[in-house]
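# Working through the structure, step by step
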Amino acid sequence: LISQSKDGKRSSLQSSRELVVEALIESRAHLKTLRRRSERRTQHAEERSDDPDRPTSAAISDLMACDPKDLFHDRKESTIVVRGSQGRVHIFTVNGRHITSANYSSEAIQSRIARGRWRPMEEGKAGSFLEQIYKKIPPHDGDSAVSDAS
(Lines give C-alpha, C1' and ligand atoms only; values in the text may rest on other atoms or scores of the structure.)
Protein backbone atom coordinates (compact mmCIF):
# COMPACT_ATOMS: atom_id res chain seq x y z
CA LEU A 1 0.00 0.00 0.00
CA ILE A 2 2.70 2.45 0.97
CA SER A 3 4.81 1.73 -2.11
CA GLN A 4 1.77 2.26 -4.33
CA SER A 5 0.92 5.57 -2.66
CA LYS A 6 4.51 6.76 -3.08
CA ASP A 7 4.17 6.06 -6.79
CA GLY A 8 1.03 8.21 -6.90
CA LYS A 9 -1.26 5.23 -7.41
CA ARG A 10 -4.36 4.53 -5.37
CA SER A 11 -5.67 1.09 -4.63
CA SER A 12 -9.34 0.34 -4.37
CA LEU A 13 -10.76 0.14 -0.88
CA GLN A 14 -11.48 -3.56 -1.36
CA SER A 15 -7.91 -4.26 -2.52
CA SER A 16 -6.48 -2.31 0.42
CA ARG A 17 -8.67 -4.20 2.88
CA GLU A 18 -7.56 -7.53 1.42
CA LEU A 19 -3.89 -6.57 1.80
CA VAL A 20 -4.42 -5.45 5.39
CA VAL A 21 -6.31 -8.63 6.28
CA GLU A 22 -3.56 -10.73 4.68
CA ALA A 23 -0.90 -8.88 6.69
CA LEU A 24 -2.89 -9.35 9.91
CA ILE A 25 -3.30 -13.08 9.25
CA GLU A 26 0.44 -13.46 8.61
CA SER A 27 1.24 -11.47 11.76
CA ARG A 28 -1.16 -13.59 13.81
CA ALA A 29 0.48 -16.79 12.57
CA HIS A 30 3.95 -15.43 13.36
CA LEU A 31 2.87 -14.40 16.86
CA LYS A 32 1.34 -17.84 17.46
CA THR A 33 4.62 -19.45 16.41
CA LEU A 34 6.60 -17.26 18.77
CA ARG A 35 4.21 -17.99 21.64
CA ARG A 36 4.34 -21.76 21.06
CA ARG A 37 8.13 -21.62 20.88
CA SER A 38 8.36 -19.74 24.17
CA GLU A 39 5.95 -22.18 25.83
CA ARG A 40 7.90 -25.21 24.59
CA ARG A 41 11.32 -23.96 25.58
CA THR A 42 12.65 -25.22 28.84
CA GLN A 43 14.33 -22.91 31.31
CA HIS A 44 17.65 -24.48 30.30
CA ALA A 45 16.98 -23.68 26.63
CA GLU A 46 16.07 -20.10 27.50
CA GLU A 47 19.30 -19.68 29.46
CA ARG A 48 21.35 -21.18 26.63
CA SER A 49 19.75 -18.95 24.00
CA ASP A 50 20.71 -15.91 26.07
CA ASP A 51 24.33 -17.06 26.46
CA PRO A 52 26.56 -14.81 24.31
CA ASP A 53 29.32 -17.44 24.21
CA ARG A 54 27.22 -20.03 22.36
CA PRO A 55 28.60 -20.73 18.89
CA THR A 56 25.23 -20.80 17.11
CA SER A 57 26.10 -17.80 14.96
CA ALA A 58 28.90 -19.85 13.38
CA ALA A 59 26.66 -22.83 12.52
CA ILE A 60 25.99 -21.98 8.90
CA SER A 61 29.48 -20.66 8.16
CA ASP A 62 31.05 -23.79 9.70
CA LEU A 63 28.66 -25.98 7.72
CA MET A 64 29.37 -24.16 4.46
CA ALA A 65 33.13 -24.39 5.03
CA CYS A 66 33.23 -27.96 6.30
CA ASP A 67 34.92 -30.84 4.62
CA PRO A 68 32.81 -34.01 4.24
CA LYS A 69 35.13 -35.66 6.82
CA ASP A 70 33.75 -33.17 9.38
CA LEU A 71 30.21 -34.52 9.02
CA PHE A 72 29.03 -37.28 11.33
CA HIS A 73 25.83 -39.17 12.00
CA ASP A 74 24.91 -39.28 15.69
CA ARG A 75 23.55 -42.81 16.04
CA LYS A 76 21.89 -42.16 19.39
CA GLU A 77 20.01 -39.02 18.37
CA SER A 78 19.69 -39.69 14.60
CA THR A 79 21.08 -36.24 13.83
CA ILE A 80 23.88 -34.79 11.74
CA VAL A 81 26.90 -33.43 13.59
CA VAL A 82 29.10 -30.78 12.00
CA ARG A 83 32.57 -30.41 13.47
CA GLY A 84 33.65 -26.79 13.17
CA SER A 85 36.90 -25.14 14.14
CA GLN A 86 37.99 -24.32 17.70
CA GLY A 87 35.89 -27.11 19.23
CA ARG A 88 32.60 -25.88 17.81
CA VAL A 89 30.03 -28.59 17.15
CA HIS A 90 26.69 -27.99 15.45
CA ILE A 91 23.77 -30.39 15.46
CA PHE A 92 21.29 -30.51 12.57
CA THR A 93 18.29 -32.65 11.70
CA VAL A 94 18.68 -34.88 8.67
CA ASN A 95 16.54 -32.29 6.84
CA GLY A 96 19.10 -29.57 7.59
CA ARG A 97 17.32 -27.73 10.40
CA HIS A 98 19.77 -26.37 12.98
CA ILE A 99 19.05 -27.78 16.44
CA THR A 100 21.85 -26.54 18.65
CA SER A 101 25.54 -25.70 18.87
CA ALA A 102 28.11 -26.20 21.60
CA ASN A 103 31.81 -26.04 22.30
CA TYR A 104 33.38 -29.46 22.94
CA SER A 105 36.89 -30.34 23.91
CA SER A 106 38.84 -32.31 21.32
CA GLU A 107 38.85 -35.22 23.80
CA ALA A 108 35.03 -35.19 23.99
CA ILE A 109 34.76 -35.17 20.21
CA GLN A 110 37.29 -37.99 19.81
CA SER A 111 35.55 -39.99 22.53
CA ARG A 112 32.21 -39.86 20.71
CA ILE A 113 33.90 -40.91 17.48
CA ALA A 114 35.90 -43.72 19.15
CA ARG A 115 32.81 -45.11 20.93
CA GLY A 116 30.92 -45.16 17.64
CA ARG A 117 28.26 -42.72 18.74
CA TRP A 118 29.34 -40.36 15.97
CA ARG A 119 29.96 -42.23 12.75
CA PRO A 120 31.60 -40.45 9.83
CA MET A 121 29.03 -39.86 7.10
CA GLU A 122 29.55 -41.71 3.86
CA GLU A 123 30.89 -39.34 1.22
CA GLY A 124 27.77 -39.66 -0.94
CA LYS A 125 25.41 -38.97 1.95
CA ALA A 126 27.57 -36.09 3.14
CA GLY A 127 27.50 -34.58 -0.35
CA SER A 128 23.71 -34.97 -0.56
CA PHE A 129 23.26 -33.35 2.85
CA LEU A 130 25.47 -30.39 1.90
CA GLU A 131 23.71 -30.02 -1.44
CA GLN A 132 20.37 -29.95 0.37
CA ILE A 133 21.67 -27.16 2.63
CA TYR A 134 23.09 -25.13 -0.26
CA LYS A 135 19.66 -25.14 -1.89
CA LYS A 136 18.05 -23.72 1.26
CA ILE A 137 20.48 -20.85 1.74
CA PRO A 138 19.79 -17.88 -0.53
CA PRO A 139 22.73 -16.24 -2.27
CA HIS A 140 24.04 -13.08 -0.63
CA ASP A 141 25.91 -10.45 -2.66
CA GLY A 142 26.87 -13.11 -5.19
CA ASP A 143 28.26 -15.44 -2.53
CA SER A 144 26.69 -17.97 -0.22
CA ALA A 145 24.87 -16.40 2.69
CA VAL A 146 26.17 -16.74 6.18
CA SER A 147 23.35 -16.36 8.64
CA ASP A 148 22.24 -17.51 12.04
CA ALA A 149 20.28 -20.69 11.58
CA SER A 150 19.23 -21.13 15.13
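Refer to the structure above for everything that follows.
Here is a short report on the structure shown in this document. Numbering of residues starts from 1 in each chain and follows the order in which that chain's sequence is written. In keeping with the model being predicted, local features are shown solely for residues with a pLDDT of at least 70 and side-chain atom pairs are shown and tallied solely at 80 or more, while totals for entire chains, interfaces and linings include all residues. Where side-chain values are given, they derive from all heavy atoms of the structure, hydrogens and water being excluded.

## A short note on the side chain of Asp-70
Under the convention used in this document: For helices the rule is a DSSP run of H or I covering at least 4 residues; for strands it is a run of E covering at least 2, with both sets numbered from the N terminus onward. It only takes one pair of heavy atoms within 4.5 Å for two residues to be counted as in contact.
Within the secondary structure, Asp-70 is located in the loop between helix 4 (59–65) and strand 1 (71–74). For Asp-70, the contacting residues outside a window of four places in its chain are Val-81, Val-82 and Arg-83.

## Let's talk about the pairing of strand 2 (residues 79–83)
Worth spelling out the cut-off: Between buried and exposed lies partly exposed: a residue is buried under 20% and exposed over 50% of the maximum accessible area for its type, with that area taken using a 1.4 Å probe on protein chains only. Being paired, for any two strands, means DSSP has found at least two bridges between them.
When you tally the buried positions in strand 2, you get four out of five residues, the bulk of the element. Linking strand 1 back to strand 2 in an antiparallel pair, the connection comprises four residues, with Ser-78 at a positive phi of about 55 degrees. Relative to strand 3 (residues 88–92), strand 2 runs antiparallel, the two being bridged by four bridges. What sits directly across from Val-82, in strand 3, is His-90. Where strand 2 folds back on strand 3, the antiparallel hairpin that results is connected by four residues, among which Gln-86 adopts a positive phi of roughly 55 degrees.

## Here we look at unusual backbone geometry
Only a minority of non-glycine residues have a phi that is not negative, and only a minority of peptide bonds are not trans. Unlike most non-glycine residues, Ser-78 shows phi in positive territory, near 55 degrees. On the secondary structure map, Ser-78 appears in the loop between strand 1 and strand 2. The backbone of Gln-86 shows a phi angle near 55 degrees, a positive value even though the residue is not glycine. Mapped onto the fold, Gln-86 is located in the loop between strand 2 and strand 3.

## Looking at the packing of aromatic side chains
The condition that has to hold: Each pair of aromatic rings taken from Phe, Tyr and Trp, with Trp reduced to its six-membered ring, is defined by centres within 6.5 Å and is described as stacked if the planes are under 30 degrees apart, edge-to-face if over 60, and tilted in the remaining cases.
All told, the structure shown has three aromatic pairs when counted by the stated rule. When the ring of Tyr-104 is compared with that of Trp-118, the centres are 5.9 Å apart and the planes differ by 15 degrees; the resulting orientation is stacked. In this pair, Tyr-104 is assigned in the loop between strand 4 (98–103) and helix 5 (106–115) and Trp-118 in strand 5 (residues 118–120), connecting sequence segments 14 residues apart. Given a relative accessible area of 2%, Trp-118 falls into the buried group. Through successive ring pairs, a cluster of aromatic residues spans Phe-72, Tyr-104 and Trp-118.

## A closer look at the sheet that holds strand 3
Put simply, the test is: Interaxial angle, 0 to 180 degrees, is taken between N-to-C directions of lines fitted to C-alpha atoms, where a helix line uses only the stretch in contact.
Spatially, the five strands line up as an open sheet ordered 4-3-2-1-5, and their pairing is antiparallel. Strands with a single pairing partner mark the edges of an open sheet, and in this sheet they are strand 4 and strand 5. Averaged over neighbouring strand pairs, the angle between their axes works out to 30 degrees when direction is ignored. The pairing of strand 3 with strand 4 spans five bridges and is classified as antiparallel. Bridging from a neighbouring strand, Phe-92 pairs with His-98 of strand 4.

## Quick look at the side chain of His-90
For clarity, the threshold we go by: Definition of a polar contact: a pair of N or O atoms within 3.5 Å, with one able to donate and the other able to accept a hydrogen when the atoms are protein atoms, and with sequence-neighbouring residues admitted only if both atoms are side-chain atoms.
One can find His-90 in strand 3. Here His-90 falls in the buried class, since its relative accessible area comes to 0%. There is a polar contact of 2.7 Å between the side chain of His-90 and the side chain of Asp-62.

## Overview of the pattern of salt bridges
Stated formally: A pairing counts as a salt bridge when a side-chain nitrogen of Lys or Arg comes within 4 Å of a carboxyl oxygen of Asp or Glu.
Applying the stated criterion to the full structure yields six salt bridges. Residue Arg-88 is joined to Asp-62 by a salt bridge in which the shortest nitrogen-to-oxygen separation is 2.7 Å. One end of the pair, Arg-88, is in strand 3; the other, Asp-62, is in helix 4, with 26 residues separating them in the sequence. Since its relative accessible area comes to 9%, Asp-62 is described here as buried. Where Arg-117 meets Glu-77, a salt bridge forms, and the shortest distance between an N and an O atom there is 3.9 Å. With a gap of 40 residues between them, Arg-117 in the loop between helix 5 and strand 5 and Glu-77 in the loop between strand 1 and strand 2 connect regions that are remote in the sequence.

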